[in-house]
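# Close look at the chain arrangement
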Amino acid sequence: RRKRTFLGRLKNLTKQIKKVLYLQEEKYDQIFAVLDSYPHPYILAGDFNAPSHSRMSRRFRAKLADAYLEKGSGDGWTFPFRRGKNGSWGMRLDYMYHSPKFEVLECKRVAKVISDHFPLLGTFRLKGQP
């Protein structure tokens, strides 16, 4: 019965958000447990479901370079949440992070809908290579 009230729904939403944040933290720890000892250059890309101002995104940027921030073009959002006659709005939930041995030549959002997110396309080069 309590879930039918506004306060009950709000408490339920808060509980769900805490669970998702906990799972994100757990995944972050698992990823860096592997990457911290990985000896080769790497690119980590995908749908992180975390806005660029979130704690998760800040934690990734503290350890890795963000290709879009380095050489991105366009507005950068990869998840559209409003489309209308005045244009579209969205947010950035997808990222391309890389280890320091890579140089980003280009990073852009591809305006092709193949899922509920727009894909990112990055061009990289190992530093010191022609």
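See above for the structure.
A brief report on the enclosed structure follows. (Residues numbered from 1 in each chain as written. Predicted model: local features only at pLDDT ≥ 70, side-chain atom pairs only at ≥ 80, totals over all residues. Heavy atoms only, no water.)

One open sheet accounts for 3 strands, arranged β3-β7-β8; its pairing is mixed. Lying at the two open borders of the sheet, with one neighbouring strand each, are β3 (72–73) and β8 (120–126). As paired elements, β3 and strand β7 (residues 102–109) share 2 bridges and run parallel to each other. By the bridge assignment for β7, Gly-72 is matched with Cys-107. (Pairing = 2+ DSSP bridges. Helix = DSSP H or I, 4+ residues; strand = E, 2+ residues; numbered from the N terminus.)

Running from amino to carboxyl end, helix α1 (residues 6–35) crosses helix α2 (residues 55–63) at an angle of 15 degrees, the nearest separation of the two axes being 11 Å. The pairing of α1 with α2 is recorded here as roughly parallel in orientation. The crossing of α1 and α2 is right-handed. On α2, the residues touching Gln-24, Glu-25, Tyr-28, Asp-29, Ile-31 and Phe-32 of α1 are Arg-55, Met-56, Arg-59, Phe-60 and Lys-63. Among the residues making up the contact of α1 with α2, the classes are represented as 5 nonpolar, 1 polar and 5 charged. (Axes fitted to C-alpha atoms, helices over the stretch in contact; angles between N-to-C directions. Parallel < 35°, antiparallel > 145°, perpendicular 65-115°, else oblique. Left-handed = near helix turned anticlockwise from the far one by under 90°. Contact = heavy atoms within 4.5 Å. Nonpolar A, V, L, I, M, F, W, Y, C, P; charged D, E, K, R; others polar.)

Scanning the entire structure with this criterion turns up 11 aromatic pairs. Taking the centre distance of 6.1 Å and the plane angle of 70 degrees together, the rings of Tyr-38 and Tyr-42 count as edge-to-face. By relative accessible area, which is 41% here, Tyr-38 ends up partly exposed. Judged by relative accessible area, Tyr-42 falls into the buried class, the value being 15%. Here the aromatic residues Tyr-28, Phe-32, Phe-48, Phe-60, Tyr-95 and Tyr-97 are joined through ring pairs into a cluster of three or more. Over the ring of Trp-77 we find Arg-109; its NZ or CZ atom is 4.4 Å from the centre of that ring. Residue placement shows Arg-109 over the ring face of Phe-118; its charged tip is 5.0 Å from the ring centre. (Phe/Tyr/Trp six-rings, centres within 6.5 Å; stacked < 30°, edge-to-face > 60°. Buried < 20%, exposed > 50% of the residue type's maximum accessible area, 1.4 Å probe, protein only. Lys NZ or Arg CZ within 6 Å of the ring centre and 35° of its normal.)

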